[in-house]
Each structure stands twice: as structure tokens, then as C-alpha cells.
Amino acid sequence: MFLQKEVVHTRNDKYLALTDHVIRAKNQISCSAAATFIIHNDTIVNESYFGSYELNSKIQSVMPSTRFNVASVRKSYIGFAISLALYQNKLSSMDDYISDYLEDLNLAAVQGVRIRHLLTHTHGLKNNHEKLFPPGTSWNYNNVGISMVIRLIQKLFETPLSEVMQQYVFKPCNFIETGWCKNRDANSVWLNEEYADDQGGEANLFVSARELAYWGYLHLNRGLVNGRQIVPKEVIEQATSNQSPANLDDTLPRNGFAWWIQDKPRAISEIGNTLPPGSYQILGLTGCACLVIPEHRIVAVRMYNQTGPNPPGYDYLEDIKAFGDKVLSCTLNSASLYV
């Protein structure tokens, strides 16, 4: 385990405002299960589990070992693998053209598309055959680029993404509640999905709240945990710094290697307006999120099992921004308690 929890801080009353927000959003988006996990200054300061999920026709309460489908949060693991490939010189530059690495692409569609564009949602592809805009000139969030990146990882490492992560992160960190799953197990909050495999090519990464927080903590410490350099710091620094094209319109979000990066508050960013520059976050369709605030040494995770569309009156940007803002305000207000 990365951290030891001080018993008196299991459920910190200073986080009641955050808990209220998380539960209110849980009910609004019709989730049955939720969790939060917060690390501050190398201490677990808040850990909460709410609700239940169905398992073998029985109702199972959410527990610390419960694993949620984190959906697009998996993109931070994909970004990590590309950063590692660059560090190991398996990839010469993130400004290489994707067509130089992958075969069977529609060359007319991917003309001018660089790996940087795929990781920062600035590739301009509507699908594998159509363009929305020239690469690097605007921003549009979809999975077309990420699917190409997954194929790229397989080619560069000559092994699936799941094996790359197992070798370089999951095994060294002793992550036993993180992994791609083809079949349901007792601790998984299953969403009635069906998957072809567990090799990392699909949105079937299941993670417990605590191990997602430890993933964020690994990034916070630039790969150094308990005095051991798990991964080179350069891999983390590259993945979590602004990699968006320099000429991108000022109103558009900025990304690292899939992470949303805070350089300044932006209207359509998913990061709260009060969070300082250098903060970064990843969010998935199921509502799961991992937030890192290096300036204040905070890692915050929330987990949901959202399956349906956002209901009328629910603004997901307002919700996720408020989550980050409340994490920061609650933590700083309680900072004097941890001396």
C-alpha cells in the first residue's frame, strides 16, 4: 500500500460540503453507487463509500475493494504508455505523423494528423474517413484519435496496452484492484456490458477508488513513491504538461497526454475555476474522475456508475468543476487540522 491512513481521519467532517455535492449529483444522474477518496500531504484525509450494486441477483454494498468502470479515465493510462514510449525512444516524437506508424488508415483523412493531435483531441477527425477541421486548428472530444493511439501502443511495445501497464505500473505498484476485465467478478460494478477481450483496447478498465487515487498519487510524486522511483519522472512530467498545439484558440481546453490541464480557467474546461495552474484531471462517461492539484499536494477521486444520458437540468461541466472547487476549499479549510 502507498499510504497509511490515520484512523481519526476516516470520515472527515470538513468534507461534508463535498460529500453533499457528490451524493446530490449521484441522485441526479441516477447512480446506485459512489465513492470518494482524497489524499493530502501524503495522508488519506477522506474516504467514503455510498450505495450499492447488483451482484448475482443480490444487492452488494460499495466497499473499499469495489471496482468501478472508469470509462475515459482509462485515457490517462493510454497517455502514460505513449509518454513511456517516447522516453524509451520507441517513438521519436509526438509530432510524428500517425500515418508513418499505422497501416490501413485513410490517408486522405489522416493527412497532417500528428500523434500530438490524437492525444489532445485536436486531430479534427469525425471518424476514420471524415474530417471536421484541419488538424491542430480546433478541438473536438471523441474516441477516434484514442483508438489509433491504442493501436500505436500495441505496435511500439509489441504487446497489448494491458500488458504494458501491468509490467511498468500495476505490478511494481502492487495494484490488484486495477485492470481491464472481460468478465464480471465479485467486486466489479458491472454495467451490463459485453467485451471482446481484456487487452486494453476497449472501455473496460475497472479500478477501485483507492487505486485510482494511488494512480493520481503516482503522478503527483512524479513517479516516486515511498522512496522508490517506480517510473522515470520525465514520463509523468511530459504526460501532465500542456501539449496542445500552441496556436489553438484561447477559448478551447488544453490537454496533456489525454489529461485536462489547467493553465487558466476556461469556459468549456472540466477543471474548476478556483484550481491553480498546473492542476490536471481526467473524467469518464460513468462519472468517475481523478484530480491532481500539485500546488497543494492533493489527489481527489470520485466514482459513479452512471449508465444513462445526462438528465434535463444537469450540467456535467458545472458538476465536475464544482467537485474540484469543493475538494480544494474543503481541504484548505481543514489543513490546519493536520499538523
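Before reading further, recall that the structure is shown in the block above.
Below: a short report on this structure. Small disclaimer: the values here were computed from a predicted structure and weren't measured.

1. Focus: the sheet that holds strand β4 (residues 67-69)
With mixed pairing, the four strands of this open sheet are ordered in space as β5-β7-β4-β6. Here the strands that pair on one side only, and so sit at the sheet edges, are β5 (178-180) and β6 (188-189). Looking at chain direction, β5 and strand β7 (residues 205-208) are connected through three bridges and run antiparallel. The partner of glycine 179 across the bridge, within β7, is phenylalanine 206. Sitting on the sheet, helix α7 (residues 209-220) touches β5 and β7, and the angle it makes with β7 is about 95°.

2. Observations regarding helix α2 (residues 75-87)
For α2, built from 13 residues, the straight-helix expectation of 18 Å at 1.5 Å per residue is met to within 8% by its first-to-last C-alpha distance of 18 Å. With twelve of 13 residues buried, α2 lies mostly within the body of the structure. In the segment just after α2, asparagine 89 is the residue with positive phi, at about 60°.

3. Focus: the nonpolar core
Tyr77, Ile82, Val169 and Leu212 are the most contacted members of the largest nonpolar core, which has 79 residues in total. Beyond its immediate chain neighbours, meaning those up to four positions away, isoleucine 82 contacts Leu91, Ile115, Leu119, Val149, Leu152, Ile153 and Phe257. In terms of nonpolar packing, the next biggest core, distinct from the first, is built from 29 residues, Ile38, Trp260, Tyr314 and Leu328 among them.

4. A short note on the pattern of salt bridges
Here the structure, examined in full by the defined rule, presents ten salt bridges. Between aspartate 42 and arginine 297 there is a salt bridge whose closest N-O contact spans 2.9 Å. Taken together, the positions of aspartate 42 in the loop between β1 (33-40) and β2 (43-55) and arginine 297 in the loop between β13 (289-293) and β14 (298-304) put the pair 255 residues apart, joining distant regions of the chain. One salt bridge connects arginine 266 with aspartate 250, and the closest N-O pair in it is separated by 3.5 Å. Of this pair, arginine 266 sits in the loop between β11 (260-261) and β12 (280-283) while aspartate 250 sits in the loop between α8 (233-239) and β10 (254-255), placing them 16 residues apart in sequence. According to the relative accessible area criterion, arginine 266 is buried, its value standing at 6%. Relative accessible area serves as the criterion here: at 43%, aspartate 250 is assigned to the partly exposed category. What you see here is one network of salt bridges that share partners, running through Asp250, Asp263, Lys264 and Arg266.

5. Side note on unusual backbone geometry
A positive phi angle is found at serine 30, which is not glycine, with a value near 60°. By secondary structure assignment, the location of serine 30 is in the loop between α1 (16-28) and β1. Backbone geometry at asparagine 174 places phi at a positive 60°, although glycine is not the residue there. Positionally, asparagine 174 belongs in the loop between α6 (161-170) and β5. Its relative accessible area of 52% is what places asparagine 174 among the exposed residues.

Parameters at a glance
- Residues numbered from 1 in each chain as written.
- Predicted model: local features only at pLDDT ≥ 70, side-chain atom pairs only at ≥ 80, totals over all residues.
- Heavy atoms only, no water.
- Pairing = 2+ DSSP bridges.
- Helix = DSSP H or I, 4+ residues; strand = E, 2+ residues; numbered from the N terminus.
- Contact = heavy atoms within 4.5 Å.
- Axes fitted to C-alpha atoms, helices over the stretch in contact; angles between N-to-C directions.
- Expected span 1.5 Å × (residues − 1).
- Buried < 20%, exposed > 50% of the residue type's maximum accessible area, 1.4 Å probe, protein only.
- Core = buried A, V, L, I, M, F, W, Y, C linked by side-chain atoms within 4.5 Å.
- Salt bridge = Lys/Arg side-chain N within 4 Å of Asp/Glu carboxyl O.

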